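# Structural overview
These are the residues of each chain, in order.
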Amino acid sequence: MLREGDLAQDFCLPDEEGNEVCLSSLKGKWIVLYFYPKDNTSGCTKEAIGFTEKIGDFKKLNAEVLGISKDSVKSHQSFKNKYGLKVKLLSDESAEVLKKFGAWGKKKMYGKEVEGTIRSTFLIDPNGRIRKIWHNVKVNGHADEVLKVLAEMVKEGV
C-alpha cells in the first residue's frame, strides 16, 4: 500500500483520445490523480465537474488533473464530451494501476460487500513523490479541498 512520502510508481495508460499518458512524462508538474468508479454515474459526474470547474486554478499552480477508472477509452470520450469535462481521463480496464495505488478492493455498496474502485485521490509533487492521499473520498467539496491543500504546499515550497 502506498503512503504519503512514497514515490509514485510510474504507469502508462490511454487517455480519452487513445493517446498514451505516462506519469513519468509529467515530472516537473504537480499531479492530482483521482480514481473513480464509473463514467456517467451521479457521484463520478459531480466529481469530474468539480475538478473541471477548478481546472484553471489547478493549472495556475502547475498541476495536471488526471481521472482514472476501468471504463474504456470510448466511454471516457463520450463522458468528457457529454459534460464538457476539462480533466484528462485515463482508461485502466485491467485495474492494474487502480490496484497499484490501492484504489481497488472490497467495499460496501447497498449493504453488500463487493470488489470495485475505492474513490481515492493522490497529490503527487513535481519530483514524483506522493504528498497527500485521500481514501474513500466524499465528492461534495472534494475538488476545493484538494486545491486548498495544493495551494498551501506550493506556497510553502514543498
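Just above sits the structure.
Presented here is an overview of the structure given in this document. Only a predicted model underlies this, so the values are computations on that prediction, with no experimental measurement involved.

### Details of helix α5 (residues 142–156)
In this model, α5 (15 residues) spans 21 Å end to end at C-alpha, consistent with the 21 Å of a helix rising 1.5 Å per residue. All of the buried residues in α5 are His142, Ala143, Val146, Leu147, Val149, Leu150 and Met153. Taken around the axis of α5, the buried residues stretch over an arc of 165°, which confines them to a single face. Away from its buried face by more than 90 degrees, α5 exposes Lys148, Lys155 and Glu156. Buried positions along α5 lie against β3 (30–35), α1 (42–53), α2 (55–60), β4 (63–69), β8 (120–124) and β9 (130–134). Looking one or two residues beyond α5, the residue adopting positive phi is Gly157, at roughly 70°.

### A word on the sheet that holds strand β5 (residues 88–91)
The five strands are arranged β5-β4-β3-β8-β9 in an open sheet whose pairing can be described as mixed. The open sheet has two edge strands, β5 and β9, and neither has a second partner. Neighbouring strand axes in the sheet, compared pairwise and without regard to direction, differ in orientation by 20° on average. Relative to β5, β4 runs parallel, the two being bridged by four bridges. Paired with Ser69 across the bridge in β5 is Ser91. Where α1 meets the sheet, its contacts fall on β3, β4 and β8, and the angle it forms with β3 comes to roughly 165°. Contacts between α5 and the sheet are confined to β3, β4, β8 and β9, with β9 contributing the most and set at about 160° to the helix.

### Here's the deal with the packing of α1 against α5
When two helices pack together, their arrangement is given by the angle between the helix axes and by the axis-to-axis distance. As a packed pair, α1 and α5 sit with axes 8 Å apart at the nearest point and diverge in direction by 40°. Judged on the interaxial angle alone, α5 and α1 are oblique. In contact with Glu47, Gly50 and Phe51 of α1, α5 contributes His142, Ala143 and Val146. Along the lines of polarity and charge, the residues of the contact of α1 with α5 split into three nonpolar, two polar and one charged.

### A few points about the state of the cysteines
Using the criterion set out here, one finds one disulfide in the structure. Disulfide pairing is shown between Cys12 and Cys22; the S-S distance is 1.9 Å. Judged by the sign of its S-S torsion, about 110°, the cystine formed by Cys12 and Cys22 is right-handed. With Cys12 in strand β1 (residues 12–14) and Cys22 in strand β2 (residues 20–22), the pair connects residues that are ten residues apart, well separated along the chain.

Parameters at a glance
Residues numbered from 1 in each chain as written. Predicted model: local features only at pLDDT ≥ 70, side-chain atom pairs only at ≥ 80, totals over all residues. Heavy atoms only, no water. Helix = DSSP H or I, 4+ residues; strand = E, 2+ residues; numbered from the N terminus. Expected span 1.5 Å × (residues − 1). Buried < 20%, exposed > 50% of the residue type's maximum accessible area, 1.4 Å probe, protein only. Arc of directions from axis to C-beta. Contact = heavy atoms within 4.5 Å. Pairing = 2+ DSSP bridges. Axes fitted to C-alpha atoms, helices over the stretch in contact; angles between N-to-C directions. Parallel < 35°, antiparallel > 145°, perpendicular 65-115°, else oblique. Nonpolar A, V, L, I, M, F, W, Y, C, P; charged D, E, K, R; others polar. Disulfide = S-S within 2.5 Å.

Remember, this is a structural readout, not a statement about activity or role.
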